[in-house]
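# Residue-level structure breakdown
Listed below are the residues making up each chain.
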Amino acid sequence: MRHQGASILLYNQQHEVLLVLRDNLPFIACPNTWDAPGGHLDAHETPLHCIVREMMEEMELDVSTCC
């Protein structure tokens, strides 16, 4: 079964985009590659709620007022 997910593009005033380097684990999809921050949606979660939750969990970054 495929998971649904959401990603966010964050950029600064110099138009630099924030990317994350995925773990180099052979059992995950696309290991050791650059990706946009994000994650899998929990049951009954909207993409917006997913991004707000993931950014707080992974980066301690509150993006709730960005959208």
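Refer to the preceding data block for the structure.
The model shown is predicted, which means the values in this text are computed figures rather than measured ones.

Definitions and limits used
- Residues numbered from 1 in each chain as written.
- Predicted model: local features only at pLDDT ≥ 70, side-chain atom pairs only at ≥ 80, totals over all residues.
- Heavy atoms only, no water.
- Core = buried A, V, L, I, M, F, W, Y, C linked by side-chain atoms within 4.5 Å.
- Buried < 20%, exposed > 50% of the residue type's maximum accessible area, 1.4 Å probe, protein only.
- Helix = DSSP H or I, 4+ residues; strand = E, 2+ residues; numbered from the N terminus.
- Salt bridge = Lys/Arg side-chain N within 4 Å of Asp/Glu carboxyl O.
- Expected span 1.5 Å × (residues − 1).
- Contact = heavy atoms within 4.5 Å.
- Patch = residues over 30% accessible without salt bridge, like charges linked within 9 Å, V, L, I, M, F, W, Y side chains within 5 Å.
- Areas by Shrake-Rupley, 256 points an atom, 1.4 Å probe, with all protein chains shown as cover.

### Some points on the nonpolar core
Listed in full, the seven residues of the largest apolar core are A6, I8, L10, C50, I51, M55 and V63. It is helix α1 (residues 47-59) that contributes the most residues to this core, three residues altogether.

### Comments concerning the pattern of salt bridges
One pass over the structure, following the stated rule, counts five salt bridges. As a salt-bridge pair, R53 and D42 come within 3.4 Å of each other at their nearest N and O atoms. Of the two residues, R53 is situated in helix α1 and D42 in the loop between β4 (38-40) and α1; the sequence distance between them amounts to eleven residues. Residue classification places D42 among the partly exposed residues on the basis of a relative accessible area of 44%. One salt bridge connects R53 with E54, and the closest N-O pair in it is separated by 3.2 Å. Residue class for R53 comes out buried when judged on its relative accessible area of 19%.

### Brief notes about α1
Taking 1.5 Å of rise per residue, the 13 residues of α1 would be expected to cover 18 Å, and the 17 Å separating its terminal C-alpha atoms lies within 8% of that figure. Buried within α1 we find C50, I51, R53, E54 and M55. In this structure, the buried residues of α1 make contact with β1 (5-7) and β4. Note on α1: the residue one or two positions beyond its end, E60, has a positive phi of about 50°.

### Focus on a nonpolar patch on the surface
Taken together, L9, Y11, V17, L19, L21 and W34 make up a surface patch of nonpolar side chains, about 710 Å² in accessible area. Inspection of the secondary structure assignment puts Y11 in the loop between β1 and β2 (20-21).

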